[in-house]
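Structural characterization, general
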Amino acid sequence: MLSERKPSTSRRFTALAAASALVATGTLLSPTSQPDAHAADTSIRINEIVTNDPVLADAIELTNTGTQAVNVSGWIIKDGDDTRTDALPEGTLIGAGEYLVLRQDGTPGFTFGLGNGDAARLYLPDGTTLVDGHTFASHAQPSWSRCPDGTGDFLQANSVTLGGPNDCDVEQVGPHNLVLNEVDSGPLDGVEFFNTGTQPLDIGGYVLTDNAPNDATHRYAFPSGTLVPARGYLVVDGGTFTFGLGGADSVHLFAPGETAFDPASALQSFSWTAHPAIGGDEAVAGFSRCPNVTGEEWVVTYTTSGGFNDCPGGIVINEVESDGDSTDWVEVVNSSDAPIDLSGWTVMDDDPFGHAGQTAPLPSGTVLGAGEYFVFDQGTHFSFGLGANDVASVRDADGTVVAESAWAAHAAVSIGRCPGTTGPMVDQIASTKGLSNACDGVIPEDPEPETPINTITWPGSPDVTVLDTTATFLADSSGLDVEQTEDGSVLWGVDNDAGTIFKSHVAADGSFTLARGWEDGRNVRFQTDTGPEGPDAEGITVSGDGSLYVAVERDNNAKGVNLNKVLKVDPDAAGATIVASQEWDLTADLPAVSANTGLEAVEWVADADLAGVLWDDALGKPYEPADHPGHGDGLFFVALEANGHVYGYALNADGTFARVSETVPYLGGVMALDWDTDLGVLWAVCDNGCNGLATQITFNGTDAPGLVHVERPASMPNLNNEGFATATADLCTDGVRPAWWFADGEQPGALRTGTLPCADAVPPFSDVPVGTEHFDAIAWMKNAGLTTGWPDGTFRPTTAVNRDAMAAFLYRAAGSPSVAGLTEPFADVTPTTEHYAAIVWAANEGVTTGWPDGTFRPTAPIDRNAMMAFLYRYSGSPDHTPPTVSPFSDLAPTDPFYAEITWAHEHDITTGWPDGTFRPYAHTHRDAMAAFFQRFTQDNGYSHNSEANR
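Note that the structure is a prediction, hence the values are computed from the model and not measured.

Digging into the overall build of the protein
Check the secondary structure of the protein and you find seven helices and 60 strands. Its C-alpha atoms put the protein at 110 × 85 × 60 Å along the principal axes. For the protein, buried positions account for 52% of its 950 residues. Partitioning the contacts of the protein with sequence separation of at least 6, the portion at a separation of at least 24 is 61%. In the structure as shown, the protein presents an accessible area of about 38,400 Å², 50% of it carried by carbon and sulfur atoms. For the protein, the distance from the average position of its 40 positive side-chain charges to the average position of its 130 negative side-chain charges is 7 Å.

Side note on the sheet that holds strand β9 (residues 99-104)
Spatial strand order, β10-β9-β4-β3-β13-β14: six strands in an open sheet with mixed pairing. The open sheet has two free edges, formed respectively by β10 (109-110) and β14 (153-156), since each of these has just one partner strand. Taken together, the four bridges between strand β13 (residues 144-147) and β14 define a ladder with antiparallel strand orientation. Looking at β14, one finds that Cys 147 is bridged to Asp 153.

A closer look at the nonpolar core
Of all hydrophobic cores here, the largest spans 54 residues; its most connected members are Met 806, Leu 810 and Leu 871. Among the secondary structure elements, those contributing two or more residues to this core are α2 (775-783), α3 (803-813), α4 (836-844), α5 (864-874), α6 (898-906) and α7 (926-939). The contacts of Leu 871, once residues within four sequence positions are left out, are Leu 810, Trp 903, Ile 909, Phe 932, Phe 933 and Phe 936.

Overview of the state of the cysteines
Considering all chains together, one arrives at four disulfides under this definition. Residue pairing for Cys 290: its cysteine sulfur links by disulfide to Cys 311, the two sulfurs lying 2.0 Å apart. Disulfide Cys 290 to Cys 311: torsion about the S-S bond roughly -95 degrees, handedness left-handed. Here the residue Cys 290 occupies a position in strand β24 (residues 285-290), and Cys 311 occupies one in the loop between β25 (297-302) and β26 (315-321), the gap between them amounting to 21 residues. On the basis of relative accessible area, Cys 311 is assigned to the buried category, the value being 15%.

Observations concerning the sheet that holds strand β7 (residues 86-87)
An order of β7-β6-β11-β12 is seen for the four strands of this open sheet, with the pairing classed as antiparallel. Since the sheet does not close on itself, it has two edges, and those belong to β7 and β12 (130-136), each with one partner.

With respect to α6
In an α-helix, one turn spans 3.6 residues, which is why side chains three or four residues apart end up on the same side. Considered for burial, the residues of α6 that qualify are Tyr 898, Glu 900, Ile 901, Thr 902, Trp 903 and Ala 904. Two residues or fewer past α6, Asp 908 is found with a positive phi of approximately 60 degrees.

Quick notes on the pattern of salt bridges
Enumeration according to the criterion identifies 15 salt bridges in this entry. Across the salt bridge formed by Asp 627 and Lys 621, the nearest N and O atoms sit 2.6 Å from each other. Each of Asp 589, Arg 659 and Glu 662 takes part in one network of salt bridges that share partners.

Quick notes on the packing of aromatic side chains
Scanning the entire structure with this criterion turns up 37 aromatic pairs. The interplanar angle of 35 degrees and the centroid separation of 5.7 Å between the aromatic rings of Trp 272 and Phe 287 together place this pair among those described as tilted. With a gap of 15 residues between them, Trp 272 in strand β23 (residues 268-272) and Phe 287 in strand β24 connect regions that are remote in the sequence. Using a relative accessible area of 6% as the deciding quantity, one classes Trp 272 as buried. Seen from their ring centres, Phe 724 and Trp 741 are 5.5 Å apart, and the 55 degrees between their planes marks the pair as tilted. Of the two residues, Phe 724 sits in strand β58 (residues 721-726) while Trp 741 sits in strand β59 (residues 736-743), which places them 17 residues apart along the sequence. On the accessibility criterion, Trp 741 (4% relative accessible area) is buried. Taken together, the ring pairs connect Trp 780, Tyr 811, Trp 841, Tyr 872, Tyr 874, Trp 903, Phe 933 and Phe 936 into an aromatic cluster. The aromatic ring of Phe 765 is capped on one face by Lys 782, whose charged end is 4.9 Å from the ring centroid. A cation over an aromatic ring shows up here: Arg 864 above the ring of Phe 918, its NZ or CZ 4.6 Å from the ring centre.

Observations regarding the confidence of the model for the protein
Taken as a whole, the protein shows an average pLDDT of 86; of its residues, 92% reach a score of 70 or greater. Long-range and interchain partners of residues 5-39, a stretch whose pLDDT sits below 50, account for 92 contacts in this model, where long-range means more than four residues apart. In this model residues 944-950 is a low-confidence stretch, pLDDT under 50, and it forms 16 contacts with partners more than four residues away in sequence or in other chains.

Some thoughts on the packing of α5 against α6
Look at α5 against α6: their axes get within 8 Å of each other, and the N-to-C directions meet at 75 degrees. Put simply, α5 runs roughly perpendicular to α6. Residues Asn 865, Met 868, Ala 869, Leu 871 and Tyr 872 of α5 lie in contact with α6, whose contacting residues are Glu 900, Ile 901, Trp 903 and Ala 904. Classifying every residue of the contact of α5 with α6 by side-chain character gives seven nonpolar, one polar and one charged.

Let's talk about the side chain of Asp 495
By the secondary structure assignment, Asp 495 is in strand β39 (residues 488-495). No salt bridge is formed by the buried Asp 495; its nearest oppositely charged neighbour, Arg 525, is found at 9.2 Å. A polar atom in the side chain of Asp 495 sits 3.0 Å from the backbone nitrogen of Ala 498. Apart from the residues within four sequence positions on either side, Asp 495 is in contact with Leu 474, Ala 475, Asp 476, Ser 477, Thr 500 and Ala 537.

Overview of the UniProt feature "domain: LTD" (unreviewed entry) in the protein
Per the UniProt record, "domain: LTD" (unreviewed entry) is annotated on residues 31-138, 164-274 and 299-409. Taken end to end, residues 299-409 has its terminal C-alpha atoms 28 Å apart, with 0% of it in helix and 38% in strand.

Focus: the environment of Ile 317
With respect to the helices and strands, the residue Ile 317 is situated in strand β26. Taking the C-alpha atoms as reference points, Ile 317 and Tyr 373, separated by 56 residues in sequence, lie 9.6 Å from one another. Each residue touching Ile 317, except ones within four places of it in the same chain, is listed here: Val 330, Glu 331, Val 332, Ala 392, Val 394, Ala 403, Glu 404, Ser 405, Arg 417 and Met 425.

Observations concerning unusual backbone geometry
Backbone geometry follows two general trends: most residues other than glycine have a negative phi, and most peptide bonds adopt the trans configuration. A cis geometry characterises the amide bond from Cys 147 onward to Pro 148, with omega recorded as 0 degrees. For the peptide bond that leads from Gln 747 to Pro 748, omega is 0 degrees, which places it in the cis range. One non-glycine residue, Asp 105, lies in positive phi territory at about 60 degrees. For Asp 105, the position within the fold is in the loop between β9 and β10. At His 774, a position not held by glycine, the phi torsion is positive, near 65 degrees. For His 774, the location among the structural elements is in the loop between β60 (751-757) and α2. Residue His 774 is classed as buried on the basis of its relative accessible area, which comes to 19%.

Examining the environment of Ser 875
Here Ser 875 is to be found in the loop between α5 and α6. Expressed as a C-alpha distance, the spacing of Ser 875 and Thr 937, which sit 62 residues apart in the sequence, is 9.7 Å. A polar side-chain atom of Ser 875 sits 2.8 Å from the main-chain carbonyl oxygen of Tyr 872.

Focus on α3
Burial analysis of α3 places nine of its 11 residues in the buried class, which makes it a mostly covered element. Among all positions of α3, only Arg 803, Asp 804, Ala 805, Met 806, Ala 807, Ala 808, Phe 809, Leu 810 and Tyr 811 are buried.

Thoughts on the packing of α3 against α4
Between α3 and α4, whose axes approach to 8 Å, the crossing angle comes to 75 degrees. Accordingly, the angle class assigned to the pair α3 and α4 is roughly perpendicular. Contact residues: α3 offers Asp 804, Ala 807, Ala 808, Leu 810 and Tyr 811, while α4 offers Ala 837, Ala 838, Ile 839, Trp 841 and Ala 842. Of the residues contributing to the contact of α3 with α4, the split by class is nine nonpolar, no polar and one charged.

Thresholds applied
- Residues numbered from 1 in each chain as written.
- Predicted model: local features only at pLDDT ≥ 70, side-chain atom pairs only at ≥ 80, totals over all residues.
- Heavy atoms only, no water.
- Helix = DSSP H or I, 4+ residues; strand = E, 2+ residues; numbered from the N terminus.
- Buried < 20%, exposed > 50% of the residue type's maximum accessible area, 1.4 Å probe, protein only.
- Contact = heavy atoms within 4.5 Å.
- Areas by Shrake-Rupley, 256 points an atom, 1.4 Å probe, with all protein chains shown as cover.
- Lys, Arg positive; Asp, Glu negative; His and termini not counted.
- Charge placed at Lys NZ, Arg CZ, Asp CG, Glu CD.
- Pairing = 2+ DSSP bridges.
- Core = buried A, V, L, I, M, F, W, Y, C linked by side-chain atoms within 4.5 Å.
- Disulfide = S-S within 2.5 Å.
- Salt bridge = Lys/Arg side-chain N within 4 Å of Asp/Glu carboxyl O.
- Phe/Tyr/Trp six-rings, centres within 6.5 Å; stacked < 30°, edge-to-face > 60°.
- Lys NZ or Arg CZ within 6 Å of the ring centre and 35° of its normal.
- pLDDT = per-residue confidence, 0-100.
- Axes fitted to C-alpha atoms, helices over the stretch in contact; angles between N-to-C directions.
- Parallel < 35°, antiparallel > 145°, perpendicular 65-115°, else oblique.
- Nonpolar A, V, L, I, M, F, W, Y, C, P; charged D, E, K, R; others polar.
- Polar contact = N/O pair within 3.5 Å; in protein donor to acceptor, adjacent residues only side chain to side chain.
- UniProt positions renumbered as here; feature names shortened; annotations may be inferred.

In structure tokens form, the structure reads like this:
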């Protein structure tokens, strides 16, 4: 796996003094003068992108590289979010060679901001045809610009030049900018490189080897287009290169075109004689260049793959507070044995360009003694805030980064080194600002797995839909679970602050409707009244008997104390408040954690799904329900936020419990659990702290269950999703079923839905993948022998159905009877005509009457109105009184086939289009034909009635 990271940088930038005065050089036309340029092969290009400038608003510059003016009225600007619909004003023209600057909240402009890792895209007015775009991994410093101007690739320019040619006199990066910076030789091999240049460096064709470079099987050539970000890191791990790094080994990097592979000619090399280890643990250790990037010494350190090397000695960051205290702060310690002068030193986050003016250098004479602590405090030493996914970097008076620490999410308390000053940065259980860290009881991070975990993209559609577009739930949405009932599928949700549960009915398209009587939710309370506030209810699940169970990590009346409980709740209890009927306190059985890092999820799984496949840690063998009498008919899995582990419990009816299993899904934390009844896997889902990554856990009868990491859907924002649930097979439609996410802190926009493939969905044709519109109908037709598709294995769903093919579909459905002796009724149909027998049969059965001129026109597409006539006659022309008022806006009672169309509408064979039209003269596509015929046959029970048409 290749991964890259753009770190904070010590480069100093100067804003363009007159930049705020730049204006668009495009021309606004009157609406009567608009040359047509709405085509994707246009000469309009995105030319410059400005993000996060300390002076300027975010901006996107367009240029016309052609020789004619182009009208861009109505063209749509988007960032990385497809929901953006900002359109350029009517009358907007860009002349040949001219520039048009669009500014955030400007005119012309756009309403959204461009983020740190985003995109700028330009679409035609249809919103789907892409004209041009650029995706960038970080804010520009100072702008992303095409070089050469208007035609080249995007580079980081020297200055902002909005409204004029780009400043393309940029650094030419090359092999001299590439630094071998960190090596991990086990258990998960990895090699880290750093690019010291101000432009991305393409290392496509470079060759990485171990200590056997002349063995072709020990070489890895970087693919074409592999980029190391400007002043950023690239990590290649053992899942990408096929050779392993041994205890006594080397890594060498060779330039493209190398043939001799002599280590003496390598661009970069490093050798070692034993695997690195800290305290005997090889999993946490690697070899690092010290000081980071610039040093000549290689030192054994904690691994910091893709980040600033954790070099010992000197100033180190020891603790960081980014959320929970009255101010954000960064604590450093002098780990050397001599005083260090900190005069002029500063602290910075991940935006050194935008926040350059928001940090105060330490005054002259600031000296930190050996072993002493110093705190950079918000409001005194910097004015920006530290974010949930951010970096703290300490810089000396020259602006050189001396120490750096990154994190992916706010800590419940703080993050700090354990052991203090020397250990890795981990979640703390107590804040110790300016003092040595309190490491007793801190849970160490899990080592990496022996076998790398495969990571796959989201297996369903990349698109997700917000369901609660108006405020429907409370502000602290958390757990979800699905229950299949006689009345359909029910989605349960819980709010963690109020301890409120919600009940909704959900459909196959993922949509939801709050159940009657549950519009405001119902509040869960402990068995014993502890005060006005409810439990901090983080997770919810429903058992086989319909009882609800809620996972609690603390009592909201005593938020400073961890309390890991599972509460049983009767969903049929009357009233707005439901008191738990039973409680299981797991606090003492689980690792000691801080108050707000306890149970985050709970999921009930039936014994029938676990017997023989879940490993029973307590007994050292596959799980057998009879080994745990009194627990009912299933186990409860809970997730602990602090370490991301998943624990399986037998909760006994007498209030006792027994831990059965412990599983490590190798996530930064687990916020949601869901048993996927369709796939037979347990989903463990992390929140925005690990970019929404999930793990599918497959119990296999051993103590090492199968693990697969699954990325969040591509269009899903990186939200604090604390709830996740998958639909059962009952909601499978067109080979897919819905899944739901519940985001904490979103109101509205807490509940989102996406799709997953159904377990038994098999594409019937190569061009009909799971999720294709009318997938079920097409698969039904194939399985029923009504269609064989094309010889190349395709179905061509959006191709129009010809009249001869429609006759063939109906003929097969009727059993393909003999046509011997039947009249040949049409002048253009002979025994050599394709589907001859079907056409002759259809004519003799009264299914078709042909055209007035005596022809059938077999290869003409069948219109939608004629399609309904075929089906009506095929069913025997049943009695039907057409309505006096048409059900469709474009169909009148006097129109051809009005009776047949309204008959089909009455029986839900056709529903028309969403805009209320039927479009009778539109051609019938093959996928729509399949849907019509399936509804006709399966939903209405119609079949061929030959007697009625004779």
